[in-house]
Every structure is written in structure tokens, then in C-alpha cells.
Amino acid sequence: YFFQKNIMGLPILEIVVDKTSEESDFDLIQSMGEVEKNLGNSISDIKIISLSEMSKEANFFYLKNRELPTNAYALMGLLSKVPEELKTGYTSENYYRITILGQQFNFKEYNDFLNKVRLNLKNQKIEKYSFNGFFYSVVTSHYSILNFLIYSFFSSCLVIFIIIGLYFRNIKLLSIFG
């Protein structure tokens, strides 16, 4: 628990935002930096890994300022200092990825968390995104399994009641057991 809270965290969600063809890398990183800032402000105890966060850390390393540069050349210069292995999974020509780290949630807390993230993305006018990641997959599969089990149980009960009803159509047969 100490390591989850203070050192790193569990990767609880990955958000993959689709890039539009007319959007430059600089514009995308700036807008996603704003999204990440709002996520950090509205949801407590999370850490974010993304290209804009890497840029902020590189900027802090050089200028002691944890802000995104407002100049495209300065941003690209900072990104050139970030190791290629770190950048590879977080951006491409088609998407921008955000990994959110945090503590483990129960099902209700996780749904509340997802709703906050969806609302935040909607407020930033980001419509083309998808959620994935290990924890997200586990929670959604558990939810699907529970729904299937509940549906299966009630369907089985209905079939059993129908069979019993057909078998005991005659009330006189019920008096044998009574």
C-alpha cells in the first residue's frame, strides 16, 4: 500500500486519444497537457504518465519550471532529450496515450473515477478516445461476468418454474405432496 500511494501506483487506466489529421503534435501536447492538469486537479491521489508530463519533467530538469513550453520549438527541443524508449508508447501518428497510476479501487469507486474522466474529456471537447489497460479490462470483465451470472440465474429460475408449473398443472397432484 505504501508503494502504491507514495512511490508509483497501480496502472488503473490508459486513455488513448485519436489524433485528428489537421492537429499538430505541439497543439495536441498542449491540449492534452490541459486535460491532464484538470484530471490531476479533479481526481486526488493519481499520477499521470504521458508525453506532456515527460516534457514538463524535462523542462523542470533544465529550467526548474514544471510547465509546458508555449513555443513549439522549445517543446520539441525538450522532447528530443526524453529517451526514445519512454516516448515510443505514448504517441504516434494516430494516437496520444495517457497512463493514470493510482490506488486500487472497488467497483463503485472505479465507476465514479471513470465518470469523472469521461466528464473531464467531454469538457475539453475530446470525443474520439478509448479506455484500456489491465485494471480497466479486469474491472469491465468482472462486471460482464456478474451480469451474465445474474441473467443466467434468473433465466434458470424461470425455466424451472415453468417446468414445475407444467408438471403440476393438475391441482390434485399437488395435494399428494401436501
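The shown structure was predicted, so the numbers you read here are calculated from the model rather than taken from an experiment.

Our focus in this paragraph is the overall build of the protein chain. Within the protein chain, the regular secondary structure consists of eight helices and four strands. In the protein chain, the order of α-helices and β-strands from amino to carboxyl end is α-β-α-β-α-α-α-β-α-β-α-α. For the protein chain, the residues scored as buried account for 30% of the 178 residues in total. Partitioning the intrachain contacts of the protein chain with sequence separation of at least 6 by distance along the chain shows that 72% fall at a separation of at least 24.

Another aspect to go through is the nonpolar core. Counting residues in each nonpolar core, the largest one holds 35 residues, and the members touching the most others are Leu13, Ile15, Ile100, Tyr110, Phe113 and Val117. Listed by contribution, the elements that provide at least two residues to this core are β1 (10-18), α2 (25-42), β2 (46-49), α3 (51-63), α4 (72-81), β3 (95-102), α6 (107-123) and α7 (134-167). The element best represented in this core is α2, accounting for six residues.

Another point: the packing of α6 against α7. The contact between α6 and α7 brings their axes to 11 Å, and the two run at 120°. The orientation of α6 relative to α7 falls into the category oblique. Crossing of α6 against α7: the hand is left-handed. Every residue of α7 that contacts α6 at Phe107, Tyr110 and Leu114 is listed here: Phe135, Tyr136, Val139 and Tyr143. Within the contact of α6 with α7, the residues separate by chemical class into seven nonpolar, no polar and no charged.

So, about the pattern of salt bridges. Taken as a whole, this structure holds four salt bridges when the rule is applied. Across the pair Glu57 and Arg66 runs a salt bridge, and its minimum N-O distance is 2.8 Å.

What follows covers the confidence of the model for the protein chain. Summary statistics for the protein chain give a mean pLDDT of 82 and a share of 90% for residues scoring 70 or more. Ranking the helices and strands of the protein chain by mean pLDDT puts strand β4 (residues 129-132) first, with 92, and helix α1 (residues 2-7) last, with 49.

This next bit is on a nonpolar patch on the surface. Side chains of Ile145, Leu146, Phe148 and Leu149 sit close together on the surface and give an oily, nonpolar patch of about 430 Å² of accessible area. Considering the arrangement of structural elements, one finds Leu146 in helix α7. Leu146 sits in the exposed class, given a relative accessible area of 51%.

A few words on the packing of aromatic side chains. For the structure shown, the criterion picks out nine aromatic pairs. Here Phe153 and Phe154 contribute two aromatic rings whose centre-to-centre distance is 5.3 Å and whose plane-to-plane angle is 70°, an arrangement assigned as edge-to-face. According to the relative accessible area criterion, Phe154 is exposed, its value standing at 54%. Seen from the ring of Phe60, Lys64 lies directly overhead, with NZ or CZ sitting 5.6 Å from the centre. Lying over the aromatic face of Phe60, Arg66 brings its terminal NZ or CZ to 3.9 Å of the ring centre.

The next thing to look at is unusual backbone geometry. One non-glycine residue with positive phi stands out, namely Lys125, at about 65°. Topologically, Lys125 is positioned in the loop between α6 and β4. Judged by its relative accessible area of 68%, Lys125 is exposed.

This part covers α2. An ideal rise of 1.5 Å per residue puts 26 Å on 18 residues; α2 measures up with 25 Å between its terminal C-alpha atoms. Residues of α2 that are buried include every one of Phe26, Leu28, Ile29, Met32, Gly33, Val35, Glu36 and Leu39, and no others. Structurally, α2 contributes buried residues whose contacts are with β1, β2, α3, α4, β3 and α6.

The rules behind each value
- Per-chain numbering applies: the sequence of each chain, read as written, is numbered from 1 onward.
- Totals for whole chains, interfaces and linings use all residues, but because this is a predicted model, local features are given only for residues with pLDDT of at least 70 and pairs of side-chain atoms are given and counted only at 80 or more.
- Remark: hydrogens and water are excluded; side-chain values derive from all non-hydrogen atoms of the structure.
- Here a strand is any run of E in DSSP of at least two residues, a helix any run of H or I of at least four, and the numbering for each starts at the N terminus.
- Burial status follows relative accessibility: with a 1.4 Å probe on protein chains alone, a residue under 20% of its type maximum counts as buried, one over 50% as exposed, and anything between as partly exposed.
- We call two residues contacting when some pair of their heavy atoms lies within 4.5 Å.
- Here the nonpolar core consists of buried residues drawn from Ala, Val, Leu, Ile, Met, Phe, Trp, Tyr and Cys, with membership extended through side-chain atoms lying within 4.5 Å.
- Axis definition: a line fit to C-alpha positions, over the contact stretch in the case of helices; interaxial angles, taken between N-to-C directions, run 0 to 180 degrees.
- Angle categories: roughly parallel below 35 degrees, roughly antiparallel above 145, roughly perpendicular from 65 to 115, and oblique for all the rest.
- Handedness of a crossing follows from how the near helix is turned relative to the far one, being left-handed for an anticlockwise turn of less than a right angle and right-handed for a clockwise one.
- For this classification, Asp, Glu, Lys and Arg are treated as charged, while Ala, Val, Leu, Ile, Met, Phe, Trp, Tyr, Cys and Pro are nonpolar and the rest, including Gly, are polar.
- We count a salt bridge whenever a side-chain nitrogen from Lys or Arg sits within 4 Å of a carboxyl oxygen from Asp or Glu.
- Confidence per residue, as judged by the predictor, is encoded in pLDDT with a range of 0 to 100.
- By definition, no residue in a patch forms a salt bridge, and every one has over 30% relative accessible area; like charges are joined within 9 Å, nonpolar side chains (Val, Leu, Ile, Met, Phe, Trp, Tyr) within 5 Å.
- Only the protein chains shown count as covering a residue, and every accessible area follows the Shrake-Rupley method with a 1.4 Å probe.
- Here a Phe, Tyr or Trp ring, Trp counted by its six-membered ring, pairs with any other such ring whose centre lies within 6.5 Å, and the pair is stacked when the planes are under 30 degrees apart, edge-to-face when over 60, and tilted otherwise.
- By definition, being over a ring means that NZ of Lys or CZ of Arg is both within 6 Å of the ring centre and within 35 degrees of the ring normal.
- Here the expected length of a helix is defined as 1.5 Å per residue gap, with one fewer gap than residues.

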